[in-house]
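In case you want the letters, here they are:
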Amino acid sequence: MNIRDGFVKANKNGRSCSLMNVHIGKHSTAGEFFQHEERRPRDLLLHKQEARKLLQKTDRQPGMTIVPLKAYWSDQNKVKFEIGLCRGKNVRDKRQDIQEREGKREANRMIKNFNVR
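Rules of the game
Residues numbered from 1 in each chain as written. Predicted model: local features only at pLDDT ≥ 70, side-chain atom pairs only at ≥ 80, totals over all residues. Heavy atoms only, no water. Helix = DSSP H or I, 4+ residues; strand = E, 2+ residues; numbered from the N terminus. Rg over C-alpha atoms; globule rule 2.2 N^0.38 Å. Buried < 20%, exposed > 50% of the residue type's maximum accessible area, 1.4 Å probe, protein only. Contact = heavy atoms within 4.5 Å. Lys, Arg positive; Asp, Glu negative; His and termini not counted. Charge placed at Lys NZ, Arg CZ, Asp CG, Glu CD. Salt bridge = Lys/Arg side-chain N within 4 Å of Asp/Glu carboxyl O. Core = buried A, V, L, I, M, F, W, Y, C linked by side-chain atoms within 4.5 Å.

K.L.:
I would appreciate a short explanation of the overall build of the protein in the present structure.
P.N.:
Within the protein, the regular secondary structure consists of two helices and five strands. When the helices and strands of the protein are listed from N to C terminus, the series reads β-β-β-α-β-β-α. Against the globule reference of 13 Å for 117 residues, the protein gives a C-alpha radius of gyration of 20 Å, more extended than a compact globule. Across its three principal axes, the protein shows a C-alpha extent of roughly 60 × 45 × 25 Å. In the protein, which comprises 117 residues, the proportion classed as buried is 21%. Contacts in the protein between residues far apart in sequence, at least 24 positions, make up 38% of those at least 6 positions apart. Charge separation in the protein, taken as the distance between the mean sites of 27 positive and 14 negative side-chain charges, equals 4 Å.

K.L.:
Honestly, the pattern of salt bridges in this entry has me stumped. Any pointers?
P.N.:
Close approach of charged atoms allows side chains of opposite charge to pair. Evaluated as defined, the whole model comprises three salt bridges. Residues R105 and E102 are paired through a salt bridge, measuring 3.1 Å at the closest nitrogen-oxygen approach. Of the two residues, R105 and E102 are both situated in helix α2 (residues 91–116); the distance of three residues between them amounts to about one turn of the helix. The exposure class of R105 is partly exposed, given its relative accessible area of 37%. Given a relative accessible area of 41%, E102 falls into the partly exposed group.

K.L.:
How do you make sense of the nonpolar core when you look at a structure like this?
P.N.:
Side chains of a nonpolar character, in soluble globular proteins, are inclined to be buried together. The biggest cluster of nonpolar side chains holds 13 residues, and the ones touching the most others in it are V8, C17, L19, V22, L44 and F81. Of all the elements in the fold, those that place two or more residues in this core are β1 (7–10), β2 (17–20) and α1 (48–60). Looking at this core element by element, the count peaks at three residues for α1. Every residue in contact with F81, bar those within four places of it in the chain, is listed here: M1, I3, L19, V22, I24, P68, K70 and A71.

Taken by themselves, the reported measurements are silent on function.
As structure tokens, then:
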């Protein structure tokens, strides 16, 4: 199961939410007929008020996204997701991350070249 690129999309009617772009692998013991698509949109079981609240928070403030934070199995063998509201990075934050990444890469190159001799 891979939730790294996943996000939650609230429907415009405010009644339901769907989990998008999450990879849940096929069952190894089931036959081909009972298999599912691995990256299909999955409906989340939420109360109507919860779905409306999430829709309002993402519509009113641009740049806000609902993402899955954690996945776990319940006692009834169902997958549960802990979701959270987050803000995406802006250009300045991305530039800082790129500079840090380049610095680490350059340091690793220097260490590697130093140890080779």
